[in-house]
Amino acid sequence: MTQTYIAFLRAINVGGRTVTMQRLRELFGELGLAGVRTYIQSGNVFFETDEADRAALTARIEEQLEQALGYPVPTVLCTLGELEEVVAADPFAGIEVTPELRLCVLFLSEPLPAELTPPVSSPKGDWELVGALPKAAFVVLHLRGGRMGGNPATLFGKAFAGTATSRFFHTTVKILAAAKK
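Here is what the cut-offs are and how they apply
- Residues numbered from 1 in each chain as written.
- Predicted model: local features only at pLDDT ≥ 70, side-chain atom pairs only at ≥ 80, totals over all residues.
- Heavy atoms only, no water.
- Helix = DSSP H or I, 4+ residues; strand = E, 2+ residues; numbered from the N terminus.
- Contact = heavy atoms within 4.5 Å.
- Phe/Tyr/Trp six-rings, centres within 6.5 Å; stacked < 30°, edge-to-face > 60°.
- Buried < 20%, exposed > 50% of the residue type's maximum accessible area, 1.4 Å probe, protein only.

**Student:** How would you explain the environment of Ile 61 if you had to name every residue and give the values?
**Tutor:** If you trace the backbone, Ile 61 turns up in helix H2 (residues 54-69). Between the C-alpha atoms of Ile 61 and Val 73, which are twelve residues apart in sequence, the distance is 8.9 Å. Apart from residues no more than four positions distant in its own chain, Ile 61 is found in contact with Phe 28, Leu 31, Leu 33, Phe 47, Thr 75 and Leu 77.

Below, the structure written as structure tokens:
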């Protein structure tokens, strides 16, 4: 059965690592994936495939990207249905975005460990884990002087052995709408 996936790529077009969305579409197409599209410049790739083994598919994508781009690109795959669940969960309801507050979704390669069951706050108070699903964690970031204290995808340190990549919640809503087109 054909499945629509959204590939959330980490470290695309940040830190001097630049790749065009045209190039990403070509690289995904070379893997035999169908209907390849991208959304904005931060590494969101939509595609369809009959491949049922998500772990093997993720590994193929990561290998292709590292070979072609010369650096690792951690990848988290999410089905359209899973992304709909993330947006519908909206644990941020009632939290007002201010100049010092950001709402982030961390897309996860595996569920968070039990010690990171929400709610959890960082020792410095710069982030709060307010909710989680098997493939996503919902984090409120508290900015200091307009700056984030670090990369949200690395917030959990060694407690989380999987891969994570972050998107702002409002961007995640737009990604879902684009994926459905």
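What follows picks up the thread again.
**Student:** Talk me through the packing of aromatic side chains; I want residue IDs and the actual numbers.
**Tutor:** Here the structure, examined in full by the defined rule, presents five aromatic pairs. Between Phe 28 and Phe 47, the aromatic rings sit 5.7 Å apart at their centres with planes inclined by 50°, giving tilted as the arrangement. You can see Phe 28 sitting in helix H1 (residues 21-30) and its partner Phe 47 sitting in strand S3 (residues 44-49), a full 19 residues away along the chain. Owing to a relative accessible area of 0%, Phe 47 belongs among the buried residues under this scheme. Between Phe 92 and Phe 138, the ring centres sit 5.7 Å apart and the planes meet at 80°, which makes this aromatic pair edge-to-face. One end of the pair, Phe 92, is in the loop between helix H3 (80-89) and strand S5 (101-108); the other, Phe 138, is in strand S8 (residues 136-142), with 46 residues separating them in the sequence. Overall, Phe 92 belongs to the buried group, its relative accessible area being 2%. Here Phe 138 falls in the buried class, since its relative accessible area comes to 2%. Ring pairing ties together the aromatic residues Tyr 5, Phe 28 and Phe 47, which thus form one cluster.

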